Amino acid sequence: MGGSADENLETKDMNVRSLPSSHGQEPYVHKVGIPPRQNLFKEFQSTVKETFFADDPLRSFKDQTKSRKVILGIEAIFPIVSWGRTYNFTKLRGDLIAGLTIASLCIPQDIGYAKLANLDPQYGLYSSFIPPLIYAVMGSSRDIAIGPVAVVSLLLGTLLQSEIDPIANPLEYRRLAFTATFFAGITQATLGVLRLGFLIDFLSHAAIVGFMGGAAITIALQQLKGFLGIQKFTKKTDVISVMHSVLSSAHHGWNWQTIVIGAAFLLFLLFAKFIGKKNPRFFWVPAISPLISVVLSTLFVYLTRADKHGVAIVKHIDKGINPSSVKEIYFTGDFLGKGFRIGIVAGMIALTEATAIGRTFASMKDYQLDGNKEMVALGAMNVVGSLTSCYVATGSFSRSAVNYMAGCETAVSNIVMSVVVFLTLEFLTPLFKYTPNAILASIIISAVINLVDYKAAILIWKIDKFDFVACMGAFFGVVFATVEIGLLIAVSISFAKILLQVTRPRTAILGKIPRTTVYRNIQQYPEATRVPGVLIIRVDSAIYFSNSNYVKERILRWLMDEEEQVQGDYQTRIQFLIVEMSPVTDIDTSGIHALEELFRSLQKRDVQLVLANPGPIVIDKLHTSNFAALLGEDKIFLTVAEAVAYCSPKLAEDP
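The rules behind these values
- Residues numbered from 1 in each chain as written.
- Predicted model: local features only at pLDDT ≥ 70, side-chain atom pairs only at ≥ 80, totals over all residues.
- Heavy atoms only, no water.
- UniProt positions renumbered as here; feature names shortened; annotations may be inferred.
- Pairing = 2+ DSSP bridges.
- Helix = DSSP H or I, 4+ residues; strand = E, 2+ residues; numbered from the N terminus.
- Phe/Tyr/Trp six-rings, centres within 6.5 Å; stacked < 30°, edge-to-face > 60°.
- Buried < 20%, exposed > 50% of the residue type's maximum accessible area, 1.4 Å probe, protein only.
- Core = buried A, V, L, I, M, F, W, Y, C linked by side-chain atoms within 4.5 Å.
- Contact = heavy atoms within 4.5 Å.
- Expected span 1.5 Å × (residues − 1).
- Arc of directions from axis to C-beta.
- Axes fitted to C-alpha atoms, helices over the stretch in contact; angles between N-to-C directions.
- Parallel < 35°, antiparallel > 145°, perpendicular 65-115°, else oblique.
- Left-handed = near helix turned anticlockwise from the far one by under 90°.
- Nonpolar A, V, L, I, M, F, W, Y, C, P; charged D, E, K, R; others polar.

By the naming in an unreviewed UniProt entry, the chain goes by STAS domain-containing protein and is assigned to Sphenostylis stenocarpa. Checking UniProt for the chain, the heading Sequence similarities (unreviewed entry) contains the comment "Belongs to the SLC26A/SulP transporter (TC 2.A.53) family." Looking at the chain in UniProt, the text filed under Subcellular location (unreviewed entry) is "Membrane".

Listed below in C-alpha cells is the structure:
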C-alpha cells in the first residue's frame, strides 16, 4: 500500500492522485499553492525587466572585468567591431560578389524610387550611399540590403505633396522631405533605445500583407504616366482618379514610341524574373536585368533621338556625392510639426518592413537578430542621412533576397554597394541623361509585382476570417482611397482585433475524456462526457476590467442554457459550477468583483461555485482580496478531476 502511494506521488499526471480509493479511503487532495510574497520594489523590477528587457541584453556583461565590459559595450553599439576580428578573404569574396550584384539592381531602382517620392533622381542614389555605410557599422543583420524602397517612397511622396506642391515649390518640398527623414530616424532610434520595439507588432501580418499589396497596385498605376508617356497626370493615388486620368488622355496624351520601349523592356524584366524563379542558380539574371535595361534603352534613345519624338527622358542627374542638408531641415515654424508627423508614419512603416526582412533572413541562416539594436542602427542611418541629402532608407526585400542568393557573408556587401554608388555619382551620372522615363516605370512595375502576395491572402482567408477582413480593409483602403487611409484602416482593424479578443475572451464547456481524468472542450472532443449535476467551464483569458462583466454574464448564460437542457431531458439539476482557471494568467479588482457577483448569483440559484487550478498571481490576489475565504478554501482545487471528485459525493448525498 505504501509502495503504491509512493508510485502515485512520483507520477507526473497529478490528476491520478485525485481519484477516490477503492478501499474507501479519502483521496489525497493537493492544495493550491500560494506563492511567497515579493516586496513591491522587486515585483516592480521583475515586471519592468520582463516587459522591456525580456532578452536580458546585459547577460554577456556578467562577471566581466571593466576593460572587457567597455569592449562589449562598444561591440553592442558597433557590431562590426565584433565580427570584423574574424573577417577573412573568403568572406570578402562572397560579400564582393553580393555587393556588386545588388549595386547593379539598386542604381536603376533608386532613380525610379526618387521619382516616386517626387524628388530628383540623384536623391535616390544619395540614399544608397551614406545610409548603407552607417548600417554596415551599426546593424546586426548579415543579409539586409539598405536603400530606398517603393512603398516608403510612395508613402513619403503622397504625404509630402499633400502639404507642399513639389513642382511649384521644389526647395520647400525637399526641405520637408529631409525634415521627415530626420524625425523618422529619431522615431526609430528612440524606439530602440527605450526598447519599445514591440509597438510595431501591433500592425498584424494580415494588415501588412493587405497594405503592401494595395501599395504595390497604387505604385504600378502611378507608373502609367511614364509608361504611356502622359504629360498631364493626376496627383491623386486612388485607382478611380488614376484610371480616369489615363483614359481621358488616351486619344491625344499617349506616346506610342514610349509605350513600345516600356512594354518591350517590361517583358524582358518579367522574363528575367521567370528565369531566376525557375532556376535559383540564375538568381543574377533578374538582378542585373534592370541595369541592362537602362543601358540598352539609354543607348537606343541616344542613337535614334527618340526624345525628339516625345519620349520623356531623365535629362539631368547632379554629379558628385551627397551635399550637406543640415541647414535645410525645419527645426522651427509650421513645417516642423508636419515633418514630425510624416516622419513618424514613414519611420514606423520603414521599421516594420526592415524588421520583417531581417527576421526572415536571420531565421533562414539560423542566427539571432536583436530587434532593438536594429532600430537604433536604422534610426542612426536615417538621422545621418537626413543631414546628407538622403530621404528615408530601409531594408529592401528584393535587394536583400538578391544579396542572400548571391552569397553575402556580412554587412560588407552594403559597403561594396555603397562604393559602387559613390563611383556612379562621381563619374557616371551624365550617362543617364538619355535614360527614358518609361524604362524606370518598367523597372518599378516589375519590382513591385511580388508585393502582391495573393497566396498569403488566400492562406489568411483559410486560417482566420477576421484577419482576412483586416487584410482586405488595408488593401482596398490604399487602392480606392489614399495610402494614409489604407494605413489607418490597417492599424484600426489590428487594434480592433486586439480589443475584441481582450473584451470578448473565449469560454468553453469541458467534459471528461473516456478512461482518463482529463477534461477538455466538448466541441473539440465530442466523445467527452459531461458530469451529471456539474457544469465545468474554462475561461481562456486573463480577467480584467475590460472583460470581467462579459465573463460573468457568459458563465451565467452557459448555466441557463445547461439548466434548460437538463429540465428538458429530466436529468440531474446543476448543483456545482466548476471554473477551470489555468488559462487565467491574471485578474484585477474588477475581475475579483465579477467573481463575487457570480458567487452571489449562484447562491440564489442554489449552485455552488468551485475553482480549479488558479495560477500563482490569481490565487495570491484571491487570498489578498478575501474572496478565497468568502468562497471557502475547500472549494479551490489543483485540478478539475479533484474538483469533480469533491462534487460527486455531495451529489450522491443529495436526496
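Having seen the model, we can carry on.
**Brief notes about the sheet that holds strand β5 (residues 534-539)**
Strands sit in the order β4-β3-β5-β6-β7-β8 across an open sheet of 6 strands; the sheet is mixed. Whereas interior strands pair on both sides, the edge strands pair on one side only; in this sheet they are β4 (519-521) and β8 (636-637).

**Digging into the packing of aromatic side chains**
Applying the stated criterion across every chain yields a total of 18 aromatic pairs. Judged by centre distance (5.3 Å) and plane angle (85 degrees), the rings of F183 and F340 are edge-to-face. Taken together, the residues span a long stretch of sequence, with F183 in helix α9 (residues 170-193) and F340 in helix α15 (residues 334-365) at a distance of 157 residues. Its relative accessible area of 13% is what places F183 among the buried residues.

**With respect to the nonpolar core**
L156, F211, I219 and I349 are the most contacted members of the largest nonpolar core, which totals 79 residues. Look past the residues within four positions of I349 in its chain and what remains in contact with it is V151, V152, L155, L203, F211 and L487. The next biggest cluster of nonpolar side chains, apart from the first, holds 36 residues, and it includes I537, I555, L559 and L595.

**Description of helix α19 (residues 437-448)**
Note on helix geometry: an α-helix contains 3.6 residues per turn, so any two residues three or four positions apart are oriented the same way. Its 12 residues give α19 an end-to-end C-alpha distance of 17 Å, which sits within 8% of 16 Å, the value for a rise of 1.5 Å per residue. Across the 12 residues of α19, 12 count as buried, placing the element largely inside the fold. If you check which residues of α19 are buried, you get N437, A438, I439, L440, A441, S442, I443, I444, I445, S446, A447 and V448.

**Notes on the environment of A54**
For A54, the position within the fold is in the loop between α2 (40-52) and α3 (66-77). The class for A54 is exposed, based on a relative accessible area of 55%. Between the C-alpha atom of A54 and that of W254, which follows or precedes it by 200 residues, the distance is 58 Å.

**What to know about helix α22 (residues 483-503)**
For α22, with 21 residues, the first-to-last C-alpha span of 30 Å sits near the 30 Å given by 1.5 Å per residue. V483, G486, L487, A490, I493, S494 and K497 are the residues of α22 that are buried. End-on view of α22: buried residues confined to an arc of 130 degrees, all on one side of the axis. Relative to its buried face, α22 has exposed residues pointing more than 90 degrees away, namely L488 and L499. The secondary structure elements touched by the buried residues of α22 are α8 (150-161), α10 (205-222), α15 and α21 (465-480).

**Focus: the packing of helix α13 (residues 256-278) against helix α14 (residues 284-304)**
Helix packing geometry: the angle between the two helix axes and the distance between the axes. The geometry of α13 relative to α14 is characterised by a closest axis approach of 9 Å and an angle of 160 degrees between their N-to-C directions. In this view, α13 runs roughly antiparallel relative to α14, as classed from their interaxial angle. By crossing handedness, the relation of α13 to α14 is classed as right-handed. Only V285, P286, S289, P290, I292, S293, L296, S297, F300 and V301 of α14 make contact with α13, whose side of the interface consists of I261, F265, F268, L269, A272, K273, I275 and G276. The class makeup of the residues in the contact of α13 with α14 is 13 nonpolar, 4 polar and 1 charged.

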